[in-house]
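# Observations on the model geometry
The primary structure of each chain is shown beneath.
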Amino acid sequence: MEVKNPRNYRSFVIVNKELGRNGFKDEFLDAITMDQIQQLLEKNGLTYDREDPEILIRYTSNQDPRQKEVYANQYPMWGSRMWWDPWVYNPSYFNRQMTTSTTQSYELLQVIVDFIDPHSDKRVMTLTAVSETSSPKQRQKMVAKSTEKIIATYLKETQAK
């Protein structure tokens, strides 16, 4: 935060929408984010103002493909003794050869939203949500949920002042 005491802003503009810049590689994810930001802010009493907004909103994303190893135990732990001392009865703890591993691809997805005061030209705050996704459908849900959490945090921080 560059602004120490953010005030209760009443109007906003989404910079990405006005300049035609995508914050995501996927246009559908970009549309989800843009629409959700606008709907959530308007639902909470802010108005969309292209001419003289009190706050500028800019969003970007970072989509990083990654892989991780997933270990599956060939011998499930059974019996009541495992609840008392699970390390003794876990074959993977003592012998990695007894477990099978597979590689799972996933994507580390970050949604980054900047809130900027145009009059002082300072950043009010930058909020980031990070999640792991492994399918396009899950990616859409996580982007929507991340955007919702970011806007809720922004509203909580600015309306509490």
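What comes next concerns the included structure. Just so we're clear, the structure is a prediction, and the values are computed from it rather than from any experiment.

### Considerations on the overall build of the protein chain
- Across its full length, the protein chain carries 5 helices and 5 strands.
- In the protein chain, the succession of α and β elements from N to C terminus is β-α-α-β-β-α-α-β-β-α.
- Here the contacts in the protein chain between residues at least 6 apart in sequence split such that 74% fall between residues at least 24 apart.
- A total of about 10,400 Å² of accessible surface is found on the protein chain, and carbon and sulfur atoms cover 48% of it.

### Some points on the pairing of strand E1 (residues 11-14)
- Here E1 shows two buried faces, one formed by Ser-11 and Val-13 and the other by Phe-12 and Ile-14.
- Note that E1 and strand E2 (residues 47-48) share 2 bridges and pair parallel. Across the sheet, the residue bridging to Phe-12 is Tyr-48, located in E2.

### Considering the side chain of Thr-33
- Considering the arrangement of structural elements, one finds Thr-33 in helix H2 (residues 27-43).
- At a separation of 3.0 Å, a polar atom in the side chain of Thr-33 contacts the main-chain carbonyl oxygen of Leu-29.
- Not counting residues within four places of it along the chain, the set of residues in contact with Thr-33 comprises Phe-24, Tyr-59, Val-143 and Thr-147.

### A short note on the side chain of Gln-36
- Locating Gln-36 in the fold gives a position in helix H2.
- Taking relative accessible area as the criterion, Gln-36 reaches 15% and is therefore assigned buried.
- When near neighbours in sequence (up to four residues on either side) are disregarded, Gln-36 contacts Ala-144, Thr-147 and Glu-148.

### Overview of the packing of H2 against helix H5 (residues 136-159)
- Axis separation between H2 and H5 bottoms out at 9 Å; the angle between their running directions is 30°. Comparing their axes, H5 and H2 come out roughly parallel. Considering the relative orientation of H2 and H5, their crossing is right-handed. Two secondary-structure elements touch here, H2 through Phe-28, Leu-29, Ile-32, Thr-33, Gln-36, Ile-37, Leu-40 and Leu-41 and H5 through Arg-139, Gln-140, Val-143, Ala-144, Thr-147, Glu-148, Ile-151, Tyr-154 and Leu-155.
- Broken down by class, the residue content of the contact of H2 with H5 amounts to 11 nonpolar, 4 polar and 2 charged.

### Focus: unusual backbone geometry
- A positive phi angle, near 55°, is found at Asp-121, a position not held by glycine.
- Along the chain, Asp-121 turns up in the loop between strand E4 (99-117) and strand E5 (122-133).
- Residue class for Asp-121 comes out exposed when judged on its relative accessible area of 64%.

Cut-offs applied
Residues numbered from 1 in each chain as written. Predicted model: local features only at pLDDT ≥ 70, side-chain atom pairs only at ≥ 80, totals over all residues. Heavy atoms only, no water. Helix = DSSP H or I, 4+ residues; strand = E, 2+ residues; numbered from the N terminus. Contact = heavy atoms within 4.5 Å. Areas by Shrake-Rupley, 256 points an atom, 1.4 Å probe, with all protein chains shown as cover. Buried < 20%, exposed > 50% of the residue type's maximum accessible area, 1.4 Å probe, protein only. Pairing = 2+ DSSP bridges. Polar contact = N/O pair within 3.5 Å; in protein donor to acceptor, adjacent residues only side chain to side chain. Axes fitted to C-alpha atoms, helices over the stretch in contact; angles between N-to-C directions. Parallel < 35°, antiparallel > 145°, perpendicular 65-115°, else oblique. Left-handed = near helix turned anticlockwise from the far one by under 90°. Nonpolar A, V, L, I, M, F, W, Y, C, P; charged D, E, K, R; others polar.

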